[in-house]
Amino acid sequence: MELYTPETLISEEEIIQRIDALGKAITQNFEGQDLIVICVLKGAFMFCSDLIKRINLPLKLEFISLSSYGDSTQSSGSVRLEMDITANIEGKNVLIVEDIVDSGLTIKILMEIMSVRKPKEVRLASLLFKPSKLKHPVRIDYLGFEIEDKFVIGYGLDYAGRYRELPYIGVLNAGN
Ligand code: 5GP
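A brief structural summary. What you are looking at is a predicted structure, and each value in this text was computed from that prediction instead of being measured.

1. Considering the environment of S11
- With respect to the element layout, S11 can be found in the loop between β1 (4–10) and α1 (12–29).
- Given a relative accessible area of 18%, S11 falls into the buried group.
- Taking C-alpha positions, S11 is 25 Å from L134, a pair spaced 123 residues apart along the chain.

2. Some thoughts on the packing of aromatic side chains
- Counted according to the given criterion, the structure contains one aromatic pair.
- Ring geometry for F151 versus Y159: centroids 6.0 Å apart, planes at 75°, classification edge-to-face.
- Of the residues examined, Y159 reaches a relative accessible area of 23% and is grouped as partly exposed.
- One cation-aromatic arrangement involves R162 over Y163; the distance from NZ or CZ to the ring centre is 4.7 Å.

3. Digging into the side chain of E62
- Here E62 shows up in strand β3 (residues 59–68).
- For the buried residue E62, which engages in no salt bridge, the nearest side chain bearing the opposite charge is K60, 7.5 Å off.
- One polar contact links the side chain of E62 to the main-chain amide nitrogen of T86, over a distance of 2.7 Å.
- When neighbours within four sequence positions are excluded, E62 is seen to be in contact with I36, V37, I38, C39, I85, T86 and A87.

4. So, the pairing of strand β2 (residues 35–41)
- When you tally the buried positions in β2, you get six out of seven residues, the bulk of the element.
- Where β2 lies against β3, seven bridges are found, and the strand directions are parallel. Looking at the pairing, I38 lines up with E62 of β3.
- At this point the chain moves from β2, through helix α2 (residues 45–52), to the parallel β3, and the crossover so formed is right-handed.
- Where β2 and strand β5 (residues 93–101) come together, four bridges link them in parallel fashion. Residue pairing across strands places I38 opposite I96, the latter belonging to β5.

5. A few points about the nonpolar core
- Membership of the largest hydrophobic core comes to 30 residues, with the highest contact counts inside it found for F47, L51, L95, V97, L128 and I169.
- Among the elements of the structure, α1, β2, α2, β5, β6 (121–129), β7 (142–146) and β9 (169–174) are those that each provide at least two residues to this core.
- Those residues in contact with L95 that lie beyond four places of it in its chain are I26, L35, I36, V37, I38, L51, I55, R123, L124, A125 and Y142.

6. Quick look at unusual backbone geometry
- Cis geometry marks the peptide bond from L41 to K42, where omega comes out at -5°.
- With respect to the secondary-structure elements, K42 resides in the loop between β2 and α2.
- You will see that K118, though not glycine, has its phi angle at about 55°, which is positive.
- A positive phi angle, close to 50°, is found at Y155, a residue other than glycine.
- Position of Y155 relative to the elements: it lies in the loop between β8 (152–153) and β9.
- Here Y155 falls in the buried class, since its relative accessible area comes to 2%.

Conventions used here
- Residues numbered from 1 in each chain as written.
- Predicted model: local features only at pLDDT ≥ 70, side-chain atom pairs only at ≥ 80, totals over all residues.
- Heavy atoms only, no water.
- Helix = DSSP H or I, 4+ residues; strand = E, 2+ residues; numbered from the N terminus.
- Buried < 20%, exposed > 50% of the residue type's maximum accessible area, 1.4 Å probe, protein only.
- Phe/Tyr/Trp six-rings, centres within 6.5 Å; stacked < 30°, edge-to-face > 60°.
- Lys NZ or Arg CZ within 6 Å of the ring centre and 35° of its normal.
- Lys, Arg positive; Asp, Glu negative; His and termini not counted.
- Salt bridge = Lys/Arg side-chain N within 4 Å of Asp/Glu carboxyl O.
- Polar contact = N/O pair within 3.5 Å; in protein donor to acceptor, adjacent residues only side chain to side chain.
- Contact = heavy atoms within 4.5 Å.
- Pairing = 2+ DSSP bridges.
- Right-handed = clockwise from strand over helix to strand, strands pointing away.
- Core = buried A, V, L, I, M, F, W, Y, C linked by side-chain atoms within 4.5 Å.

Everything listed is a geometric property; what it means functionally is a separate question.
See the structure below:
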């Protein structure tokens, strides 16, 4: 039985329009260079897929998976590396593609993991950012949208494993 009805917060059209702009900015910033794009699973898969179609550079795609402990709508205090990339990033330009920066802990840990591998440069693209929840300062080089402190789903983001397939970003309203 369905308990929640998603309500649109950011439409598919708005998302794609913004990703167009991000793709152009990334293409310009890394002009004439190669790029290793690291998609942070699972939440960033849809954003990453639409973003790389708009990056006009020679690139390689890698996947990484981190898990944070805690309940399903609150970030917890610890992060574990579940699946690593396979590429050697030493001396390479790296673009990390994340779904959302909330407390900033996941990205902080990920940046630490990457920096010991001596890349040339690491930049971050995040579709969403909740500034009100930030505890660990991070620099988001390519940001889709700043949002209020609401639990969002869709466009790759889940609630208890569901809703990732929605083409828009939504919020869940209980009892509808
Ligand atoms: P942080 O470590 O920045 O606190 O949390 C980042 C991770 O928490 C994201 O990659 C995402 O998996 C999860 N997260 C944070 N806020 C939300 C949200 O509003 N909706 C969903 N579905 N996941 C979120």
